[in-house]
Each structure stands twice: as C-alpha cells, then as structure tokens.
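Structural features, examined
The primary structure of each chain is shown beneath.
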Amino acid sequence: MYIVTVLGNLGLIILIVLNSHLHTPMYFFLFNLSSIDICYSSVFTPKMLLNFISKKNIISYTGCMTQLYFYCFFVISECYLLTSMAYDRYVAICKPLLYNVVMSPKVCSSLMLGSYLMAFSGAMVHTGCMLRLNFCDANTINLFSCDILPLLQLSCTSTYINELEMFIMVGINIIAPSFTIFVSYGLILSNILHVKSTEGRSKAFSTCSSHIIAISLFFGSGAFMYLKPSSAVSMNEGKISSVFYTNTVPFLNPLIYSVRNKDVKHALRKTLRRRQF
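Keep in mind it's a predicted model, so treat the numbers as computed, not measured. (Residues numbered from 1 in each chain as written. Predicted model: local features only at pLDDT ≥ 70, side-chain atom pairs only at ≥ 80, totals over all residues. Heavy atoms only, no water.)

With respect to the overall build of the protein
Per the secondary structure count, the protein includes 10 helices and 0 strands. For the protein, the sequential pattern of α-helices and β-strands runs α-α-α-α-α-α-α-α-α-α. Out of the 277 residues belonging to the protein, those deemed buried represent 46%. Contacts spanning at least 24 positions in sequence make up 77% of the contacts within the protein whose residues lie at least 6 apart. (Helix = DSSP H or I, 4+ residues; strand = E, 2+ residues; numbered from the N terminus. Buried < 20%, exposed > 50% of the residue type's maximum accessible area, 1.4 Å probe, protein only. Contact = heavy atoms within 4.5 Å.)

Things to note about the UniProt feature "transmembrane region" (unreviewed entry) in the protein
The sites that carry the UniProt feature "transmembrane region" (unreviewed entry) are, in the present numbering, residues 58-77, 97-120, 167-192 and 204-227. The span residues 97-120 carries 83% helix and 0% strand; its end-to-end C-alpha distance comes to 35 Å. Taken end to end, residues 167-192 is 100% helix and 0% strand, and its two terminal C-alpha atoms sit 36 Å from one another. (UniProt positions renumbered as here; feature names shortened; annotations may be inferred.)

As for a nonpolar patch on the surface
Nonpolar side chains collect at one region of the surface, where M118, Y160, I161, L164, I168 and I172 lie side by side and expose about 570 Å² of accessible area between them. Examined against the element boundaries, I168 turns out to sit in helix α7 (residues 160-193). (Patch = residues over 30% accessible without salt bridge, like charges linked within 9 Å, V, L, I, M, F, W, Y side chains within 5 Å. Areas by Shrake-Rupley, 256 points an atom, 1.4 Å probe, with all protein chains shown as cover. Salt bridge = Lys/Arg side-chain N within 4 Å of Asp/Glu carboxyl O.)

Brief notes about the environment of H21
Structurally, H21 can be placed in the loop between α1 (2-18) and α2 (25-54). Residue classification places H21 among the partly exposed residues on the basis of a relative accessible area of 33%. Spatially, the C-alpha atoms of H21 and D263 are 8.7 Å apart, while their sequence positions differ by 242 residues. Leave out the neighbours within four places in its chain, and H21 touches D263, H266, A267 and K270.

Points about the state of the cysteines
Within this structure, the stated rule accounts for 1 disulfide. There is a disulfide in this structure between C64 and C146, and the S-S distance comes to 2.0 Å. Note on the C64 and C146 pair: the S-S dihedral is about -125°, so by sign convention the disulfide is left-handed. Of this pair, C64 sits in helix α3 (residues 61-94) while C146 sits in the loop between α5 (105-131) and α6 (148-152); the two residues are 82 residues apart in sequence, bridging distant segments of the chain. As far as the burial class goes, C64 and C146 line up, both buried. (Disulfide = S-S within 2.5 Å.)

Regarding α3
An ideal rise of 1.5 Å per residue puts 50 Å on 34 residues; α3 measures up with 50 Å between its terminal C-alpha atoms. Most of α3 is tucked away: 26 of the 34 residues are buried. (Expected span 1.5 Å × (residues − 1).)

Points about the layout of surface pockets
Here the idea is plain: a probe the size of a water molecule rolls over the atoms and shows the empty space left. Here the second largest pocket is characterised by a volume of approximately 550 Å³. Forming the walls of the second largest pocket are 23 residues, and the residues nearest its centre are N57, I59, N139, I141 and C146. When residues of the lining of the second largest pocket are traced back to their parent elements, those giving at least two are α2 and α3. Residue classes in the lining of the second largest pocket are distributed as 15 nonpolar, 7 polar and 1 charged. (1 Å grid on protein atoms, 1.4 Å probe; cavity = no way out; pocket = protein on both sides within 12 Å on 5 of 7 lines; lining within 4 Å. Points joined across faces, edges and corners; volume = space filled by probe spheres on them. Nonpolar A, V, L, I, M, F, W, Y, C, P; charged D, E, K, R; others polar.)

Description of the environment of E165
Of note, E165 is situated in helix α7. The exposure class assigned to E165 is buried, which follows from its relative accessible area of 11%. Side chain to side chain, E165 and H126 meet in a polar contact 2.8 Å long. (Polar contact = N/O pair within 3.5 Å; in protein donor to acceptor, adjacent residues only side chain to side chain.)

Focus on α5
Side chains of residues three or four places apart in an α-helix project in the same direction, reflecting 3.6 residues per turn. Here α5 spans 39 Å end to end across 27 residues, near enough to the 39 Å set by a 1.5 Å rise per residue. Buried within α5 we find C108, M112, S115, A119, G122, A123, H126, T127, C129 and M130. Tucked inside the fold, the buried residues of α5 contact α2, α3, α6 and α7.

A short note on the nonpolar core
Counting residues in hydrophobic clusters, the biggest one holds 65 residues, and the most contacted among them are Y71, M85, M130, L151, F218 and F219. Per-element tally for this core: the top contributor is α3, with 19 residues. (Core = buried A, V, L, I, M, F, W, Y, C linked by side-chain atoms within 4.5 Å.)

A closer look at the packing of aromatic side chains
Pairs of aromatic rings are described using the distance from one ring centre to the other and the angle between the two planes. All chains considered together, the criterion is met by 10 aromatic pairs. Centroid distance Y87 to Y90: 6.2 Å. Interplanar angle 35°. Geometry classified as tilted. One end of the pair, Y87, and the other, Y90, are both in helix α3, 3 residues apart, so they sit about a helical turn from each other. Taking the relative accessible area as the measure of exposure, Y90 reaches 16% and is therefore buried. What links up through ring pairs into an aromatic cluster is the set Y69, F70, F73, F74 and Y116. (Phe/Tyr/Trp six-rings, centres within 6.5 Å; stacked < 30°, edge-to-face > 60°.)

Next up, the structure:
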C-alpha cells in the first residue's frame, strides 16, 4: 500500500508538471494534495515497516515528538487544502465567467500559503502542549505511531489542558473547513439543479464527485477519532481509524482522482505516447 501510495501520488505530480493543459487551479491544488499525501504517509509508514523487520518497536522521545509535529502539520494542511479545492469547484460551476479572475495564480498561492500557515500554527500548539506533560514509568504507546490520544494516556500529570486544547483545535480544523465545504457544495447543488441540460448536470456532478469522495473519507475518519473525549475512545476502534486516515486515504486519493478523471487519463495516454516516440 505504501509503495502504491508513493508511486500513485508521484505519478499524478509528474503528469501535472509535464502536461501544460493541467496547469490550472484545480490541478495546482491536486499537485499540492499529492505532495502532502506522500509526506503524510511517510511520517509513520517507513518507521512502522522498519519495526516489522527489526521486531523492535522503539522510538526516542525526540523522534516521537518530531513524528507528532509533522503528522499534525500535514493533517491540518490537508484539511484546508480540501476546503480550497471545494471553493475552486464552487467558483468553476457557479461563477464560470469570473473563474480566471477569482482563481488567479495569486489567489491560489495565497490559499495554499494560508493552509500551510494554519498547519504550522496548529502543529506548534499540539506539540507544545504535549511537551509540557511528564511521562513516568509507562512508556509503551498503544498504537503504531505517536498520535495525540495514546500519548495522553501515558502521561502521569493532568491532561485536562491538553484535552481542552485538542478539542478546540480539532473542532476548528474539522468543523470550520467542513462547514465551508458544506456551504460550497450546497450552492453547487443548487446551481446544478437549475441547469436544464442533462449533459451539463452530468458533467458538473462528475467534476465534483471525486472531491466529495476524498472529503468524506478524510473528514469522516478524522472526526470519528478525535471529536469525542479520550476516555470514550476504544483503542481498538482508534487503531482501525488511524490506519484508515494515515494509510488508506493517501492510498485512495490518486486512484479516486485518476480513475474518475478524463483529463488525467488523457494526460497519461499523451505522456505515454510521447515517451514511446
């Protein structure tokens, strides 16, 4: 799965770079999504695979905090990137005549910069709050990675502030983007229903369907894991959810955006023909 994740997302990046007709806002965001997914899955998976081979599931305190920081950074950046992609689809379908003006290169770059700045600040807050805790005798993490909830369970000091901070930060970074996405697709659906042409409606739905699937997988698994008190979390359920959003979602994203996308298929055929000659 990890090899397919890296190759699939890297393949999308190469296709977007090599094909000029994919140099549009939609594929600019998809380029960033693939880049984030490669980094995101690489935070945990190589270390986990190494542990399978060595049979020594050991990580240093510094390594654990580093892993936590980059995990938070890439998760939050993907939240806001998916929100930017929803806004892009809203402008493309609801305001097509203004699309090139509204989604200018400057606006797209600003949206990406904003995503990374929110990710940086969120990761700093999560990691900073974790560094204030004391970990005593217990040092076995009940998960395959240094995630927030299993680390909180190891603390021998009060985790009230951490749980409050986590609930606020996760609420902001899931609920706010989810609300924006919900509004965007509500307006898109309203606009599509007013399209008289069946072909036009079909094209609009196909344009958005891949993104809706990706959003549902990512936000659904994240909300299931984090939007409840840590005492209510069954770690068995948590492990399944963690595997899903750390490995399965980055694995599925390139498949969702390539199998259901005619532009990507056309770019792939064009690139392969070019290489043959």
